[in-house]
Amino acid sequence: MSIAPGTYPLGPESGRLLVDTTRTGLGAKAGHDLTIEVTRWRGEATIDPTDPARSQVTVEIDATSLEVRKATGGVKPLTGSDRGEIEKTVRDKILTTGRHPTITFRSTRVAGTPESFEVDGDLTIVGATRPVTLRGSLAEGRARGAATVAQTRWGIRPYSALFGALKLNDDVVVRFDIGLTDDR
């Protein structure tokens, strides 16, 4: 099924936004690679498959809504308490959601084909706005793709523990898998 031209609402009802983190450092074996899901978000995609330059995307994320969904690696499995502590650290220390409760993305350019597109845009995290490029494809009524975000470009210091022996990699991958239907 191809995607019809039009404007589509975006949010948890239509798809998923996931953030993948990986670990590094001498103590990497102790930590976990995480998949974190954004549970409260909304947006809109205007799509013109015949003229991608006329397409645009906006997304607004509630930065307090990130929840750990999967943890791989590590010396021991992640407990519910561990998940809660990670989510609190993300909210309070990494994203400082008390001051910056929202993350936004606004496209500035769309190019390519439905099978392989690029969306350039402005991503605002912790009050800093920087350009980022999403790469993806439209197929079977869904938009799927990803963008790599280097935390330090937004002034975010990647999480570290064990006196710096365990660290998160600077790059995190934001993945999306969103249904685009006229069910409004």
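Residues numbered from 1 in each chain as written. Predicted model: local features only at pLDDT ≥ 70, side-chain atom pairs only at ≥ 80, totals over all residues. Heavy atoms only, no water.

Turning to its location among the elements, Arg-109 is positioned in strand E8 (residues 102–113). For Arg-109 and Gly-121, which are twelve residues apart along the polypeptide, the C-alpha to C-alpha distance reads 6.7 Å. Every residue in contact with Arg-109, bar those within four places of it in the chain, is listed here: Glu-118, Val-119 and Asp-120. (Helix = DSSP H or I, 4+ residues; strand = E, 2+ residues; numbered from the N terminus. Contact = heavy atoms within 4.5 Å.)

Mean pLDDT over the chain stands at 90; residues scoring 70 or higher make up 92%. Across the chain, the secondary-structure element scoring lowest on mean pLDDT is strand E12 (residues 160–161), at 70, and the one scoring highest is strand E6 (residues 56–62), at 98. (pLDDT = per-residue confidence, 0-100.)

Moving on, we come to helix H1 (residues 80–94). Think of an α-helix as 3.6 residues a turn; residues three or four steps apart then line up on the same face. Under the 1.5 Å per step criterion, the end-to-end length of H1 is 20 Å for 15 residues, consistent within 8% with the ideal 21 Å. Along its buried surface, H1 packs onto strand E7 (66–72). Residue Thr-96 follows H1 closely and has a positive phi angle near 40°. (Expected span 1.5 Å × (residues − 1).)

The phi torsion at Thr-96 lies on the positive side, around 40°, for a residue other than glycine. If you trace the backbone, Thr-96 turns up in the loop between H1 and E8.

A few words on the pairing of E8. Summarising the sheet, E6 and E8 pair through five bridges and their orientation is antiparallel. Of the residues in E8, the one forming a bridge with Asp-62 is Thr-102. Pairing analysis gives nine bridges linking E8 to strand E9 (residues 116–125), with the strands arranged antiparallel. Note that in E9 the partner of Ser-107 across the bridge is Gly-121. Counting the residues that bridge the hairpin from E8 to E9 gives two residues. (Pairing = 2+ DSSP bridges.)

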